[in-house]
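Examination of the molecular architecture
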Amino acid sequence: MDKKNRNALIAGNWKMNMLASQVPAYWQGLEPGAKLAEGVSSALCVPFPLIPAVKAALAGSQVKVGAQDVSSHDKGAYTGEVSAAQLADLGVDYCIIGHSERRAYHGESDGLVNEKLKALLGAGITPIMCCGESLEQRDAGVTLSFVESQIKGGLEGIGPEEMKKVVIAYEPIWAIGTGRTATAEQAQEVCGYIRGVLGKLYGEELAKGVQILYGGSMNGKNAKELLAQPDIDGGLIGGASLKPEFADIIGAANE
Ligand code: 13P
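What follows deals with the pattern of salt bridges. Within the structure shown, the criterion is met by 15 salt bridges. Between Arg195 and Asp231 there is a salt bridge; the shortest N-O distance is 2.5 Å. Taken together, the positions of Arg195 in helix 9 (residues 184-202) and Asp231 in the loop between helix 11 (223-227) and strand 8 (234-237) put the pair 36 residues apart, joining distant regions of the chain. Ionic contacts of the salt-bridge type, sharing partners, join the residues Arg6, Arg195, Asp231 and Asp233 into one network.

For the structure shown, the criterion picks out two aromatic pairs. Residues Trp14 and Tyr26 carry aromatic rings whose centres are separated by 4.8 Å and whose planes lie at 80 degrees to one another, so their mutual orientation is edge-to-face. Of the two residues, Trp14 is situated in the loop between strand 1 (8-13) and helix 1 (23-30) and Tyr26 in helix 1; the sequence distance between them amounts to twelve residues.

Another aspect to go through is the nonpolar core. Nonpolar side chains in soluble globular proteins tend to be buried together. In terms of nonpolar packing, the biggest core is built from 72 residues, with Ile151, Met163, Ile168, Ile194 and Leu198 touching the most fellow members. Ranked by residues supplied to this core, first place goes to helix 9 with eight residues. With near-sequence residues (within four places) excluded, Leu198 lies in contact with Ile151, Leu155, Met163, Ile168, Gly203, Ala207, Val210 and Ile212. Ala11, Tyr94, Ala169 and Leu213 belong to the second largest nonpolar core, which has twelve residues in total.

Describing two packed helices takes the angle between their axes plus the distance from one axis to the other. Where helix 7 (residues 143-154) meets helix 9, the axes come as close as 10 Å, and the angle between the chain directions of the two elements is 45 degrees. Between helix 7 and helix 9, the crossing angle belongs to the class labelled oblique. For helix 7 against helix 9, the interelement crossing comes out right-handed. Only Glu189, Val190, Tyr193, Ile194, Val197, Leu198, Lys200 and Leu201 of helix 9 make contact with helix 7, whose side of the interface consists of Thr143, Leu144, Val147, Glu148, Ile151 and Lys152.

Turning our attention to the sheet that holds strand 2 (residues 40-45). Taken together, the eight strands give a closed barrel; going around it, the order is 1-2-3-4-5-6-7-8, and neighbouring strands pair in parallel fashion. Between one strand axis and the next, the sheet turns through 25 degrees on average, direction left out of account. In the sheet, strand 1 pairs with strand 2 via six bridges, with the strands oriented parallel. Paired with Ala8 across the two strands is Val40, which belongs to strand 2.

A separate point is helix 1. Those residues of helix 1 not exposed but buried are Val23, Tyr26, Trp27 and Leu30. Down the axis of helix 1, the buried set is contained in an arc of 95 degrees. They therefore lie on one face. When the buried face of helix 1 is taken as reference, the exposed residues oriented beyond 90 degrees from it are Pro24, Ala25 and Gln28.

Turning our eyes to something else, we now look at the side chain of Asp69. Inspection of the secondary structure puts Asp69 in the loop between strand 3 (64-67) and helix 3 (84-89). You can call Asp69 buried: its relative accessible area is 10%. There is a polar contact of 3.2 Å between the side chain of Asp69 and the side chain of Arg102. Here Lys116 takes part through its side chain, which lies 2.8 Å from a polar atom of the side chain of Asp69.

A few words on the packing of helix 5 (residues 110-122) against helix 7. Two elements in contact, helix 5 and helix 7, have axes whose closest approach is 8 Å; the angle formed by their N-to-C orientations is 45 degrees. Classified by the angle their axes make, helix 5 and helix 7 are oblique. Remark: the crossing between helix 5 and helix 7 carries right-handed chirality. Residues Asp110, Asn114 and Leu117 of helix 5 touch helix 7, and the partners they reach there are Ser149, Gln150, Gly153 and Gly154. Counted by class, the contact of helix 5 with helix 7 contains one nonpolar, five polar and one charged residues.

For the rest of this paragraph, the subject is the site of the ligand. Residues in close proximity to the ligand total 13 residues, the closest being His99, Glu171, Gly177, Ser217 and Gly239. Contact between the ligand and Gly238: an oxygen atom at 2.9 Å from a main-chain N or O atom of the residue. Look at the ligand: alone it shows 310 Å² of surface, and the protein chains cover 95% of it.

Moving on to the pairing of strand 3. Summarising the sheet, strand 2 and strand 3 pair through three bridges and their orientation is parallel. Counterpart to Ala43 in the pairing with strand 3 is Lys64. With respect to chirality, the unit in which strand 2 leads through helix 2 (residues 51-57) into the neighbouring parallel strand 3 is right-handed. Across two bridges, strand 3 lies against strand 4 (residues 94-97) in parallel orientation. Bridge pairing links Ala67 to Cys95 in strand 4. With helix 3 bridging strand 3 and its parallel neighbour strand 4, the resulting β-α-β unit is right-handed.

Cut-offs applied
Residues numbered from 1 in each chain as written. Predicted model: local features only at pLDDT ≥ 70, side-chain atom pairs only at ≥ 80, totals over all residues. Heavy atoms only, no water. Salt bridge = Lys/Arg side-chain N within 4 Å of Asp/Glu carboxyl O. Helix = DSSP H or I, 4+ residues; strand = E, 2+ residues; numbered from the N terminus. Phe/Tyr/Trp six-rings, centres within 6.5 Å; stacked < 30°, edge-to-face > 60°. Core = buried A, V, L, I, M, F, W, Y, C linked by side-chain atoms within 4.5 Å. Buried < 20%, exposed > 50% of the residue type's maximum accessible area, 1.4 Å probe, protein only. Contact = heavy atoms within 4.5 Å. Axes fitted to C-alpha atoms, helices over the stretch in contact; angles between N-to-C directions. Parallel < 35°, antiparallel > 145°, perpendicular 65-115°, else oblique. Left-handed = near helix turned anticlockwise from the far one by under 90°. Pairing = 2+ DSSP bridges. Arc of directions from axis to C-beta. Polar contact = N/O pair within 3.5 Å; in protein donor to acceptor, adjacent residues only side chain to side chain. Nonpolar A, V, L, I, M, F, W, Y, C, P; charged D, E, K, R; others polar. Near = heavy atom within 4 Å. Areas by Shrake-Rupley, 256 points an atom, 1.4 Å probe, with all protein chains shown as cover. Right-handed = clockwise from strand over helix to strand, strands pointing away.

This is how it looks when you write it as structure tokens:
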């Protein structure tokens, strides 16, 4: 299996933006361009309270709804947490875990990301597990070894059948929200390396089937070149997913 046999995934990450009352107008702007070609999937990963409004707006569309985080616990006395079962109950199909913003501002470790990944798989939700280096790490030449350690830590104890249900997103921290996109070569180098790491862990055949996304200042203009790279199967889009421009990125994946 190679790129043409892997489906593309264009996922939006709204982060802590938007209000439920703004969702209908947002969807009106996006819907005309949000038609998916065969082999292309799309999802909007939205704040927890907005899930029902987005789910309602997207009813009848092919675009799925995702969340941005999940508790590692099943249920119980964990004030403020949201469980995988609660997300599944709302019809959530995808969930981002290990985003660099959660790692930076909420101290999330690879071990916690690993527990969250298991919680999602247990609830039948597709995890989008993020990894990516800081500018200091890139400058120090440790990008590949750092990303490898995040991948291995996040996937600890995950067997091959489970791995087939996991999506990986490579998001260099220096490219997030900065307008400074990784070049297609830089993004491909790391995404290709990640596939190699997965190959060593699970065998090459399985690794060839894993969806690997790029994220970091992806927009309607640069998406085409990034998505053309052999190991980039889609995008995880922040800022541009809040605008109708998100449809241009879907359009680039449809081509
Ligand atoms: P931007 O597209 O705004 O750079 O954000 C990327 C990101 O963090 C998606 O998860």
